[in-house]
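Here is what each chain is made of, one letter per residue.
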Amino acid sequence: MAAENPGSATGAPDPAALYGHSYYARYYVEGGERIPYGRTDQWLAVFGSFADRIVAEIGPASALDVGCALGLLVEALRDRGVEASGFDVSDYAISQVREDVRSHCWVGSALDPIPGRYDLVTCVEVLEHLPAEEVDGAVANICGVTDDVLFSSTSGDYGEETHLNVRPLEYWTGLFAGHGFVRDLGFDGSFITPWTVRYRRARDPWPRLVIDYDREHWRLSREARARNALVLSQLERIGALEAEIAGLRASTQATELERWRAEVALSRARAAELQAEVDRVLAEQRGSVLLRAAARGRRAMQRAAPEGSRRRRVTAAVARMLSGDSGTPPGS
């Protein structure tokens with residue numbers, strides 16, 4: 001089911017040009033990390049976890065995903081027994097829907113009347129793409145086909161060029177309240193995004209709703225005070241621990257210094273012992289060399305002047321003369 005181009009009346013770019021293959025190829029999550037958006041295991045797991053929580057905590061029999069993109073949430077819900085369908089302004093996105101689910105998804109705009117009636121409508125990160133003057137009409141169309149809306153719209157991602165109407169949560173709460181929907185204060189939608197909320201058609205009298213809001217405000221105020229007190233006590237404890245650590249560090253440094261000094265003294269004593277041992281070995285080696293030289297000299301003399309020969313007697317006489325002995329001259 002095709003719908004009129006939502007930007008045609010205002011001269012806005014054709015969604016087919018904005019949300020084609022290149023848009024999903026450079027899709028990025030909060031924080032600026034660019035992650036291509038497609039039927040990958042990563043994204044199938046993400047939307048599978050969303051569907052598990054929706055089925056467990058809301059339990060709709062039928063659901064419509066406004067701005068369903070590639071239909072990943074639609075298929076996840078259908079795989080879990082929910083009669084789910086969806087639409088998106090992008091022809092490319094709808095062409096990528098899983099084949100067995102494609103008949104339940106169509107090209108369409110939230111600015112056009114939405115056919116059917118649903119137990120739950122999901123609208124996740126969609127309406128910030130519309131100009132501000134068109135958003136209330138989209139909210140009216142959503143509220144016209146359900147009593148229960150699971151809604152998310154970033155309040156801080158101004159960097160995406162297709163985000164035309166980034167607003168705080170109270171802005172959207174005001175728009176839905178204008179159509180008779182109030183926030184379900186007991187529902188935690190943070191499994192989708194931290195700012196996901198559930199809006200439900202108001203059935204209770206307004207005084208009762210005001211009481212509910214005031215009760216939640218008081219609970220949050222007490223929680224904030226308790227958290228602040230805990231933070232202050234933790235900061236005090238951190239200060240005491242830091243002082244204790246500083247004292248231990250100083251004590252440890254002094255102990256380490258004494259240990260290093262003892263190790264240095266021990267190393268010096270050991271070095272002195274080693275040096276003494278080296279000197280002893282060298283002395284022994286020098287003595288051994290002299291003894292061997294003297295022995296070699298005696299053997300040479302024995303060969304040159306055998307005992308009892310005239311050469312030996314002459315040699316002995318010369319030795320006595322050189323030593324100052326006044327004995328008989330040689331040859332006498």
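That block above? That's the structure.
First, a word on what this report is: a plain description of the structure on this page. Small disclaimer: the values here were computed from a predicted structure and weren't measured.

## Considerations on the nonpolar core
Step number 1: Counting 30 residues, the largest nonpolar core has Leu77 and Leu150 as the members making the most contacts within it.
Step number 2: Residue assignment for this core shows that the elements contributing at least two residues are α3 (41-57), α4 (72-79), α5 (91-95) and β3 (105-107).
Step number 3: Discounting chain neighbours no more than four positions away, the residues touching Leu150 are Ile54, Ile58, Leu120, Val121, Thr122, Cys123, Phe187, Phe191, Ile192, Thr196, Val197 and Arg198.
Step number 4: In terms of nonpolar packing, the next biggest core, distinct from the first, is built from 26 residues, Val66, Tyr118, Ala138 and Cys143 among them.

## Quick look at α4
Step number 1: Counting buried residues along α4, six of its eight residues qualify, which places the element largely inside the surrounding structure.
Step number 2: Here the buried face of α4 lies against α3, β1 (62-66), β2 (83-88), β3 and β4 (120-124).
Step number 3: Backbone geometry just after α4 places Gly81 at a positive phi near 90°.

## Some details on the pattern of salt bridges
Step number 1: Counted according to the given criterion, the structure contains 17 salt bridges.
Step number 2: When the shortest N-O distance is used, the salt bridge between Asp148 and Arg198 registers 2.5 Å. Highlighted residues: Asp148 in strand β5 (residues 148-152) and Arg198 in strand β7 (residues 197-201), separated in sequence by 50 residues.
Step number 3: The salt bridge partner of Glu263 is Arg259, with a shortest N-O separation of 2.6 Å. On the criterion of helical spacing, the pair formed by Glu263 and Arg259 is a turn pair, its members being four residues apart in helix α8 (residues 206-304).
Step number 4: Taking the relative accessible area as the measure of exposure, Glu263 reaches 41% and is therefore partly exposed.
Step number 5: A network of salt bridges, in which partner residues are shared, links Arg39, Glu75, Asp79, Arg98 and Asp100.

Parameters at a glance
Residues numbered from 1 in each chain as written. Predicted model: local features only at pLDDT ≥ 70, side-chain atom pairs only at ≥ 80, totals over all residues. Heavy atoms only, no water. Core = buried A, V, L, I, M, F, W, Y, C linked by side-chain atoms within 4.5 Å. Buried < 20%, exposed > 50% of the residue type's maximum accessible area, 1.4 Å probe, protein only. Helix = DSSP H or I, 4+ residues; strand = E, 2+ residues; numbered from the N terminus. Contact = heavy atoms within 4.5 Å. Salt bridge = Lys/Arg side-chain N within 4 Å of Asp/Glu carboxyl O.

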